[in-house]
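Tertiary structure, described
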Number of protein chains: 2
Amino acid sequence: MPKVEPRTLSGFMELLPEQQSKLERMMETLRRSYAVYGFTPLDTPVIESAQVLLAKGGGETEKQIYRIPREGGDLALRFDLTVPLAKYVAAHSHELCFPFRRYQIGKVYRGERAQRGRFREFYQADIDIVGDGKLDILNEAEIPAIIYNTFTGLGLKRFKIKVNNRKLLNGFYAMNGMEAKAGEIMRTVDKLDKIGPEKLRQLLIDEVKMLPCKAENVLDFMAIRGTTAEVLARLEDYRGMDAGFDRGLDELIAVTKYLGDFGVPQENFTVDLTIARGLDYYTGTVYETEMTDYPEIGSVCSGGRYDNLAEYYTDRQLPGVGISIGLTRLFYVLNEQGLLSDEPVTAPCDALVIPMTEELGFAVSAATALRAAGVRTQLYTEKKKFKAKIGYADKLKIPFAVLIGEDEISEGVLSVKDMTTGEQRKLSPAQAAAVIKAAVDARNSVSVILENG
Amino acid sequence: MPKVEPRTLSGFMELLPEQQSKLERMMETLRRSYAVYGFTPLDTPVIESAQVLLAKGGGETEKQIYRIPREGGDLALRFDLTVPLAKYVAAHSHELCFPFRRYQIGKVYRGERAQRGRFREFYQADIDIVGDGKLDILNEAEIPAIIYNTFTGLGLKRFKIKVNNRKLLNGFYAMNGMEAKAGEIMRTVDKLDKIGPEKLRQLLIDEVKMLPCKAENVLDFMAIRGTTAEVLARLEDYRGMDAGFDRGLDELIAVTKYLGDFGVPQENFTVDLTIARGLDYYTGTVYETEMTDYPEIGSVCSGGRYDNLAEYYTDRQLPGVGISIGLTRLFYVLNEQGLLSDEPVTAPCDALVIPMTEELGFAVSAATALRAAGVRTQLYTEKKKFKAKIGYADKLKIPFAVLIGEDEISEGVLSVKDMTTGEQRKLSPAQAAAVIKAAVDARNSVSVILENG
């Protein structure tokens, strides 16, 4: 029979079991972290009506969308989790309680040009808090606390959450008479880290067509760095010149104050006036998160406050604040950089039960007892030489082999072999379960991410 | 601004938070159950090349597939998890260890005519054990043990796992000279439960064009019922007439013997000679699972043994055994029948912290302490009347409200209100965490499914 090549499409991540196990562990950490902050899990369809999905329309996104042609209106695959959230909240606004706090970890689709580290199918892990008409500022302070605890839970220590405020930025541009060019300026300032202040000044003058004194104002503003207290003190110098700026500054003061109450350490947090997160969607606090040793990766968790989640679907004013982790890309980068710990068990099971007699009754009962005690157990009954059976446990990195021969059956015990140390002990089924569980739990308590140094 | 109607496509399940929470709990139970039997989690793309996905070709499936037109070859959405598994195993056969045991819980797509209880996007929850060249019979006995523990874990008690063997069936048809019509006969026999033996006899004679004596043979065979021991004894009467039948009977004897060792109770298990599971794919033991009080739902977990998983992709012989739960449909039916327990907490959080002063520092610290202790906690800081705040906890069915006023701040305690009993107590943050966790854990230890009677 002619064979079809069993290929996976390029730009689609498909992992071998060991790597998949690490990704699952990351997802589980995110689910637990999001849940502990009181977010409810949400699941929306991968396919939506193209008309609904593209209600906002235009832009790069529309070109990248996967469409399924249908009479009576195309279908399309979701390209993020925000638009489906907007649809969901608008559709169910009378059945939901506000503030509505949901998390969603799901696959999204963008038909981008495939390149290394870029994916066409990838997981996003989002949280959003959506209010009805209003939403208290405390929610904007809680978001960095969630980011902090989520990344700490993954095992990351060297990261920085950068916070800014769009009202403050817009106010600054307004007080300098630059409202019209604010978007263009923000896009240009975004390059500051890469090109430095000198080249940025030239760009602002030559390309954005700003007067040199105004470009200087922008550079001075963006040069404000230091501790949170220092930055806030410098920003006070601008107070009183623009109502929007003053409101933004008050919000930034509130957010940074509460962050201390939430227990986010100073070293994981900074006010960074250069971040802006796009143009029209965000209206208050904005966030980016940088891995200290890998700034070239860019932000691994971003988001912000918005005033109107679902304006394309409803007249109801639904302000909110949310963040998104590009999980597939983060996993890819961590894996590439060798930052994923090998300590947690990646094998399909904790114990491989190997019967060495024809009669399997005792082995089956032993496996059943181990499973009932919560030990992930596989029975290996294929007709192979002993060496091949132990080799199977070895290759899969199964922590324990449980050998059952005639002696074990007559004594009612299990020979438990620690595959790491080679040590072998005869134990009762209950003892065996306790020993295996303790060793596996210890290994699994190690974080997913293992930072160097 | 003109609005787009925020509609969800028909045939796509989108749940409100309370229901979603119940579905998540079911999925979590399946993940845990599959993992404890030593299956590794697998995740494959939702989109595959249409050429790969339809390598087998033909049939109803092809008409239902969602296609994404592309130059150089259409893409398509997976319609089950078996074809992607076959592709995966064929593509990675040199990197995997066999037997390869994987579970996958994922969405699949079929553009069926939408009708009540039928879904176009639905979750399947599959396990498969794939061998390289051979696979021991014990694996076929382990599958019903997994079904038993999975459904028991969900809280279901009144269900029956039906087992049959395709070699036995084919052997029976061969010994009666009915090989050529075996497929047609099996399809017809499948109606026995609905139409009864009299009508079945007529159908076999009139439509399958069988001689009355042969139809009688089939009816006699299908009428074999009773305990496992009784059925096996009756089947012995046919031994020696067809080698395939004898092999099938030996397999059935082995499978039923081991099932006892695995601890599957007699009342949850039966040999049922009428089940066949399709025509050409399965080659050994086959399984169906019926909810005793809801036979009209049909099988909620089915599968079987196959000889050649990936014949369209590779010459390598990859026999296996697997089962699939149609999770979305099962959830829909359980929900419709009112069988989902309301006891486990469905709220987004276990505790709603309600500050009653302007100063939020203590409330934020209290929430942080509760979260650190594993209590899913939400801070409610919206500017609303107290009644609205408590109403929010009530509507969302949040188990505990934690009230923090000036007294609590000065005493360093939390007023913990049990929302079910109305009882309110002043507790230290550590005590509060312990009380809330104990109550919530007790509720969450109740199974997802709550059978009547």
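Residues numbered from 1 in each chain as written. Chains lettered and ligands numbered in written order. Predicted model: local features only at pLDDT ≥ 70, side-chain atom pairs only at ≥ 80, totals over all residues.

**A few points about the overall build of chain A**
Within chain A one finds 16 helices and 16 strands. Along the first, second and third principal axes, the C-alpha atoms of chain A reach 90 × 60 × 45 Å. Of all 453 residues assigned to chain A, the portion counted as buried reaches 47%. Here the analysis covers contacts within chain A between residues at least 6 apart in sequence; of these, 69% occur between residues at least 24 apart. (Helix = DSSP H or I, 4+ residues; strand = E, 2+ residues; numbered from the N terminus. Buried ≥ 20, exposed ≤ 12 C-beta atoms within 10 Å, placed from the backbone. Contact = placed C-beta atoms within 7 Å.)

**Quick word on the domain arrangement of chain A**
Split by domain assignment, chain A resolves into domain 1 (17-336) and domain 2 (351-444). Taking only C-alpha atoms, the centre of domain 1 of chain A and the centre of domain 2 of chain A are 49 Å apart. (Domains from an automatic or database assignment.)

**What to know about the pairing of strand β7 (residues 159-165) of chain B**
Successive residues of a regular strand alternate their side chains across the two faces of the sheet. Residue and element names in this part refer to chain B. Taking burial as the measure, the seven residues of β7 include five buried ones, the bulk of the element. With seven bridges connecting them, β7 and strand β9 (residues 282-291) associate as antiparallel partners. Each bridged residue has a counterpart across the sheet, and for Ile161 the counterpart in β9 is Thr289. Where β7 and strand β8 (residues 269-271) come together, three bridges link them in parallel fashion. Each residue of the ladder has a partner; that of Val163, found in β8, is Val271. (Pairing = 2+ DSSP bridges.)

**What about the sheet that holds strand β13 (residues 377-379) of chain A?**
All names here are of chain A. Here five strands make up an open sheet; going across it, the order is β13-β12-β14-β15-β16 and the pairing mixed. If you trace the sheet from one side to the other, it starts and ends with β13 and β16 (424-427), each paired once. Averaged over all pairs of adjacent strands, the angle between strand axes in this sheet comes to 25 degrees, irrespective of strand direction. Bridge count for strand β12 (residues 351-355) against β13 is three bridges, and the pairing is parallel. Bridging across to β13, Leu352 finds its partner in Gln378. Across the sheet, helix α16 (residues 429-444) lies against β12, β14 (400-404), β15 (414-418) and β16, angled at about 15 degrees from β15, the strand it touches most. (Axes fitted to C-alpha atoms, helices over the stretch in contact; angles between N-to-C directions.)

**Details of unusual backbone geometry**
Residue and element names in this part refer to chain A. Residue Pro99 follows Phe98 across a cis peptide bond; omega there is 0 degrees. Along the polypeptide, Pro99 turns up in the loop between α4 (82-91) and β5 (100-109). Even without a glycine there, the phi angle at Lys209 is positive, about 60 degrees. As for its placement among the helices and strands, Lys209 is situated in the loop between α8 (192-206) and α9 (212-222).

**Overview of the relation of the copies chain A and chain B**
Under the fitted operation, chain A is carried onto chain B by 0.0 Å of movement along the axis and a turn of 180 degrees, and the coordinates agree to an RMSD of 0.1 Å. Both copies of the chain, as the preceding transformation shows, are related through a two-fold rotation axis. Residue Ile68 of chain A, judged by its C-alpha, is the member of chain A lying nearest the rotation axis, at 2.6 Å. (Least-squares fit on C-alpha atoms with pLDDT ≥ 70 in both.)

**Considering helix α11 (residues 243-261) of chain A**
Because an α-helix completes one turn every 3.6 residues, residues spaced three or four positions apart along the sequence face the same direction. Residues and elements named next belong to chain A. In this model, α11 (19 residues) spans 28 Å end to end at C-alpha, consistent with the 27 Å of a helix rising 1.5 Å per residue. Burial in α11 covers these residues: Phe245, Gly248, Leu249, Glu251, Leu252, Val255, Thr256, Tyr258 and Leu259. Of the residues flanking the end of α11, it is Gly263, one or two places downstream, whose phi is positive at about 80 degrees. (Expected span 1.5 Å × (residues − 1).)

**As for the sheet that holds strand β2 (residues 47-49) of chain A**
Residues and elements named next belong to chain A. Spatial strand order, β2-β4-β3: three strands in an open sheet with antiparallel pairing. The open sheet is flanked by β2 and β3 (67-68), the only strands paired with a single partner. Pairing of β3 with strand β4 (residues 75-77), which is carried by two bridges, proceeds in the antiparallel orientation. Counted as the bridge partner of Ile68 is Leu75 from β4.

**Details of the packing of helix α6 (residues 166-175) of chain B against helix α11 (residues 243-261) of chain B**
Residue and element names in this part refer to chain B. Between α6 and α11, the shortest axis-to-axis distance is 7 Å and the interhelical angle comes to 150 degrees. One finds that α6 runs roughly antiparallel with respect to α11. For the pair α6 and α11, the sense of crossing is left-handed. Of α11, the residues touching α6 (which contributes Lys167, Leu168, Asn170, Gly171, Phe172, Ala174 and Met175) are Gly244, Phe245, Arg247, Gly248, Leu249, Glu251 and Leu252. Classifying every residue of the contact of α6 with α11 by side-chain character gives seven nonpolar, four polar and three charged. (Parallel < 35°, antiparallel > 145°, perpendicular 65-115°, else oblique. Left-handed = near helix turned anticlockwise from the far one by under 90°. Nonpolar A, V, L, I, M, F, W, Y, C, P; charged D, E, K, R; others polar.)

**So, the interface of chain A and chain B**
In this assembly, 79 residues from chain A lie in contact with 79 residues from chain B. Considering each element in turn, the side of chain A that touches chain B owes the most residues, six residues, to helix α1 (residues 17-36) of chain A. Of the residues belonging to the side of chain A that touches chain B, the class tally is 39 nonpolar, 18 polar and 22 charged.

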